[in-house]
Each structure stands twice: as structure tokens, then as C-alpha cells.
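Reading the structure
Listed here are the chains, written in short residue letters.
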Amino acid sequence: MDLIDRIRSRAAAFVCDLMAIPLAWMGAVWLRFNMDRIPTAFLEASLDALPMVIVVQAAAAWSFGLYRGVWRFASVPDLVRIVKAIATGVCLILLALFLLAQIQGIPRSIFPLYAVILLVLLGGPRLLYRWSKDRGFYRPQGRKALVIGAGEAGEMLVRELLRNRNSGYEAIGFVDDASAKQGREIHGVRVLGDTAKIPRLVERLSADVALLAIPAATSSQIRRIVDYCEQAGVPMKTLPSIRDLPSGRAGLELLREVSIEDLLGREPVSLNWAGIREGIAGRTVLVTGGGGSIGAELSRQLARLSPARLVIVDVSEFNLFEIDRELNEIWPEGEIHALLGNCTDRVRMEDIFVRFRPSLVLHAAAYKHVPLLEHQVREAVYNNVIGTRRTAHVAMQNGCETFVLISTDKAVNPSNVMGASKRLAEFCCQGLNRRSSATRFVTVRFGNVLDSAGSVVPLFRRQIAQGGPVTVTHPEVMRYFMTIPEACELILQAASVGKGGDIFVLDMGEPVSIKYLAHQMILLSGRKPGRDIDIVYKGLRPGEKLFEELFHESEALRQSGHPKLLLAGLRDLDWNAFDRELEALEMACESGNGAQVHQYLSNLVPEFEAVFREDSKIIPIGKAQRQHRDRSVEYPDRRVDREDPA
């Protein structure tokens, strides 16, 4: 049926153009004689030539593809084809009339007149048809939309709104901070001012929604625009960022809600992708914890860098299945091995390393949930410390070139078991690097990752969807955040430049208030904090701090050569004594003695102070944790943020 419709459409267009040719020819003759009576001799000569003119011009139009285009989308390329067809037709008609000796009775001035009239008759209906579809006599009905950004993306978006009758939006104006654009019109829609005028324009024009069409906007710009929209009380949608926007597209279907990642993301990271690709292409790469948030994103990015093969190890069967399925879709020609395994299982890890001989290991496997691990010290240490140590040992014994440990800011002056275990894992890798001549051990340390499994963002999102309340531990809690892709890109960069023994600290920017995060997520959902959804403060949980740190005061921070990567200086340890204590810690883990594990952890990480609980028995040690415990009951009545009734 579609084929029949296309044939009908082409036939109708061809017939329309065929009718235009004699009109243009005879119209040119009539204009030549000042729209008065045409002398008989000239009239007869023109009519005699008309059949040949029609045939030649129609053939030229067909050969230049005038009927391959769709009138609905007629544009400059179609106009160019029409001009070429007319010019070619006129030249061929002149040549034919000359060869047939019929040129004598036809004035020469007819030919340019004919070309101009035919251009109008062929191009005019196409442009008029498109205009009528895009705007014409149809006035779109829907929500009044103020479009933010009068650049290329904004133009494409408004064109789509005018073209799509069922879009549900009516473009009522642009705003743009570029002074050169203000006052101009795009598709009949005027640029009304800069973004600071959004509140006034929304009120004056009764706008229902704001559409952000600036794919290259930075997070700070988006936050400022969101603030204006919040002042105006108008919801906002946005096109994806420039990195996510499909090439050449800014269509209506790409509009989405503004996300918290848009507000907290940062400037795009400029990486040495050539160096990264050189270190990965053609090599075997192993990702432990490859089914988790960080491990899965690392695997996605690695798949685009053409490794010889990608080996993914995870203890979760479901997570492993999901990432394996996804990778086979985005890299169908690649060699992917999704393997079940636990990094604490030395036999399994040895088997994997012997079979695949990875050149690069990205160790993302870890337990990371702070309150959950606080009372399960043996499991936290066994997985995060012993698992790291065993996997790193196996990597060194099998000639792996680079082993990258993914650590956390909670390893700095840790106040919780998770942070202390990760700090000890860092020590393990530094110690092994001192003894290894073939394997480089690199550590990458960063803060919270937006939308990772178990993080605060999915929790807030779920609480908002349920109607609240949103639970925040403390109104002054601050955390560093970065997006999962940015964190993984910087991990790959660190892996390519690390010399061994390095601790790379990712530049996390400014810390973000969790209270601000909660407020913004409620606002982005279209509701008001304190009126529609309450924010409840529950007090700090065991092991939590108000502020996280990215490096210890004794770690002399220095530049690495990349603006987003800093190097933390190594701290001196008695490595022989450290190894003995570590062996004792491993034996305590194997025996299942949680209290002993906790004691060794405190000895090995002297800045760690915590309260160990086992079977409801409390063993108090350390002043720092007592302070955190006191803060955690600062809001015993579950203080609630509510909108001031006044």
C-alpha cells in the first residue's frame, strides 16, 4: 500500500509540473508582448514549439530527481534541483529549436521569462504546501511553550512543533542570552529576551512549560535556568546534552524531564582517548564486579575501545546476565566472557587469570553500603581487603601489566568499616607495587557516583514517587558527586598514565548539600518541598560523617598532568609489620572471629575509630565515633522541613 501511495504521490507531482510547463511558456510569450494581443506569426510559432518544450522540460525535470523528494519536506536542495532542471531544459529547448529551424519565429527574450515563470510555478506550490503543513492556516493547540535557546537545536525543535499537529505544544517565543539574536524571528517565533526574563515572560504570555534547547549548556547554566523556571512556577523539559544528542537531531521525541544529573553534572571531561585506546586496543581486559554500577559502565566504555577480549567477573548471576546481554548488543563482533566468580575465591581467580591472561585488571568488586557493613565487619573486610589482596596477588603472579583498584573518599580518615576496609585495600596495592617489577598497581579514589546502585539518588526518587517523605540524615551533610560515565572515563585515563603505586584522586568539584539534592529532586518532580512532600531528618547513621575528604593531610597532593586527576603522595609504612598483621587479619577472617577482625582493622588503619557491634554487644572504641553517634540523635523527634504557613 505504501508503494502505491508513493507512486500516486509522484504521479500527482509530475502532472502538476507538466501543467506548469505550457503555462510558463505561453505566459512568457504573453509577457514579451506586454500582456497584449500576440501577433499571429509569433503565436503560431510558439504553439508549434510547445509539444517539444513540454517533452524536453519534463525529461529534464525527471532526470534531476524532482519527484524523489517529498513536498512536505521541500527545502533548499529541492530548489537547487528545480533550478538545475530549468536551466538544462532551457538550454536543450534552444538547441532543439535551432536544429529544427524553428528559432526564427520565437523572440529570444521569451527564454529568460520562461525560466523565471517556470521557477515560480514549480517551486511555489512545493513551498506553499510545506508552509501550510508547518504553519499555514493551522494554529497548533496545546500547552504554550517558551523555548530556551534560539540556536540550531531551538530552530529544529520549533520547526518540529510547527510541523507536528499532535505535538501538544505551541511555541510562543524564544529566550536567548545572545544579544545579537534578541528581537529576531525564527519560523515566525520571536526571540523575546534573555533567560533572566523567563519569570516575567511566563506571567505575561501565560506559558505552560519551558523547553530547554541548549544541548551544550553547562550544569551551572542549567541550574540558573531551572531557578528562573522555579521562580516562574513553570515546569521545564530539556533536550539531551551534546554528548547524548544524536547527530543532527533535536526532535520532539528527545525532550525529557530535567534530571538531577543535569544539575550536578560538570563540564565535559577532555581525555586523551588516543592514549587510552592505545593501552586497551588488542589487549585482554578483566573487570571484577562488572555487573555493578561502575563495573558495568567501565565494561560499556571498554567495549568501544576494541580490546582483544573483555572478561567480566561478578558474583551476581542476574547482574552478569544483564551486562553480558547489553554488551553483545553494542559490541556484537567482540569477544566477551561473562564469568561467575568471587574475588575472594583464589582458585577461581587463578583459573580465570591462567585461561585469559589479562593485561589490564579493573578491580571494581566491593561491598560499599556504609550502614549495612558497619555491623558486618568480617564480611566487609573479607570482600574488600582479602578479596582485593588475593586478586592482586594472582594478577602479579600471572604477569598482568596494570592492576587498578577503584577506591572511595570514605577511605580518607575513615569513620566506618567500609571506608577503613577500602583504605586497607589501598595499602595492600601500594605494598604489592613495591615488590612487583612487572605489574603496576594504581589506585583511583573518588566520591559518590550519581544514580549508582544503593546511592541516595535512586532512594530519593523512589520516596518521591511514593509521595514522601524524603529522608535526609542531617541538614548539613555534604557529599562529592560525579556521574557514572565521567568517573569511569577518568578511571580509564588513570589506568593509562599511572606509573605504579599511584593514588589518583579525581577532581570532584564542589561538594553538594544532600538537603539541596532532596529539594531539587522534589522540585524536578513537579512538587513543592514542605507542601507536597516533606523532608524528614533522621540523624546520622552509624559510621557516617557530615563531610567527606578526598585525601589525607599527610598525602601531599600534586598535579598529574591531567586537570581532573590529582596525585596523592604515598605514606610510609613498616611494610614487614604490615604484612604480618595482614596475614593475621586474613586468618581471623577465615576463622570468622568478627571482634578480632575489627581489632586488626583498627591496628592496620590507625585513623579509623568505630564502634563494633556483634550480637547486640557494644564494644566502644574511639572518640570520633562517639561524636558521630551523638550527632545521630540530634533530631530525636524526626525534624521535618515544611513550608512556612505564612
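Throughout what follows, the structure given in this document is the object of discussion. Note that the structure is a prediction, hence the values are computed from the model and not measured. (Residues numbered from 1 in each chain as written. Predicted model: local features only at pLDDT ≥ 70, side-chain atom pairs only at ≥ 80, totals over all residues. Heavy atoms only, no water.)

Ranked by internal contacts, the top residues of the largest apolar core, which has 41 residues, are Ile294, Leu362, Phe446 and Ile491. Ignoring anything within four residues of it in the chain, the contact list for Ile491 reads Ile294, Leu298, Leu362, Val404, Ile406, Val444 and Phe446. (Core = buried A, V, L, I, M, F, W, Y, C linked by side-chain atoms within 4.5 Å. Buried < 20%, exposed > 50% of the residue type's maximum accessible area, 1.4 Å probe, protein only. Contact = heavy atoms within 4.5 Å.)

This next bit is on the sheet that holds strand β6 (residues 236–238). A sheet is described by the order of its strands in space; here 5 strands give the open sequence β2-β1-β5-β6-β7, paired in mixed fashion. Two strands lie at the open edges of the sheet, namely β2 (169–175) and β7 (256–257), each paired on one side alone. As paired strands, strand β1 (residues 143–148) and strand β5 (residues 209–212) are joined by 4 bridges and run parallel to one another. Directly across from Ala145, in β5, lies its bridge partner Val209. On top of the sheet, helix α6 (residues 198–205) reaches β1 and β2; it is set at about 155 degrees to β1, its chief contact. (Pairing = 2+ DSSP bridges. Helix = DSSP H or I, 4+ residues; strand = E, 2+ residues; numbered from the N terminus. Axes fitted to C-alpha atoms, helices over the stretch in contact; angles between N-to-C directions.)

Cis geometry marks the peptide bond from Gly468 to Pro469; its omega dihedral reads 0 degrees. The topology assignment puts Pro469 in the loop between α16 (456–465) and β15 (470–472). A positive phi angle, near 60 degrees, is found at Ser306, a position not held by glycine. Tracing the backbone shows Ser306 in the loop between α10 (293–303) and β9 (309–314). Given the relative accessible area of 40%, Ser306 is considered partly exposed.

Turning our attention to the packing of helix α12 (residues 346–356) against helix α14 (residues 377–397). Contact geometry for α12 and α14: axes closest at 10 Å, N-to-C directions at 30 degrees. Taken together, the axis directions place α12 and α14 in an arrangement best described as roughly parallel. α14 is crossed by α12, and the crossing has right-handed handedness. When α12 is examined against α14, the residues Arg346, Met349, Glu350 and Phe353 are found in contact with a partner set consisting of Arg390, Thr391, Val394, Ala395 and Gln397. (Parallel < 35°, antiparallel > 145°, perpendicular 65-115°, else oblique. Left-handed = near helix turned anticlockwise from the far one by under 90°.)

A few words now on the packing of helix α15 (residues 417–435) against helix α19 (residues 575–591). Where α15 meets α19, the closest approach of the two axes is 11 Å, and the angle between their N-to-C directions is 125 degrees. When the axes of α15 and α19 are compared, the pair comes out oblique. Judged by the sense of rotation from one axis to the other, the crossing of α15 with α19 is left-handed. Here Leu424, Phe427, Cys428, Gln430, Gly431, Arg434 and Arg435 of α15 come into contact with α19, specifically with Trp575, Phe578, Asp579, Leu582 and Leu585. In the contact of α15 with α19, the residues fall into 7 nonpolar, 2 polar and 3 charged. (Nonpolar A, V, L, I, M, F, W, Y, C, P; charged D, E, K, R; others polar.)

A word on a nonpolar patch on the surface. Together, Leu92, Leu95, Phe98 and Leu99 give the surface a local cluster of nonpolar side chains, amounting to about 440 Å² of exposed area. Turning to its location among the elements, Phe98 is positioned in helix α3 (residues 76–99). Given a relative accessible area of 59%, Phe98 falls into the exposed group. (Patch = residues over 30% accessible without salt bridge, like charges linked within 9 Å, V, L, I, M, F, W, Y side chains within 5 Å. Areas by Shrake-Rupley, 256 points an atom, 1.4 Å probe, with all protein chains shown as cover. Salt bridge = Lys/Arg side-chain N within 4 Å of Asp/Glu carboxyl O.)

What follows is about the pattern of salt bridges. Counted by the stated rule, this structure contains 23 salt bridges. With its nearest N and O atoms 2.9 Å apart, the salt bridge here joins Arg325 to Glu322. Placement of the pair is Arg325 and Glu322 together in helix α11 (residues 317–330), with a separation of 3 residues, close to one helical turn. Look at Arg325 and you get partly exposed, because its relative accessible area is 36%. On the basis of relative accessibility, which here comes to 27%, the residue Glu322 falls in the partly exposed class. A salt bridge links Asp409 to Lys410; its shortest N-O distance comes to 4.0 Å. Summarising the burial analysis for this pair, Asp409 and Lys410 share the class buried.

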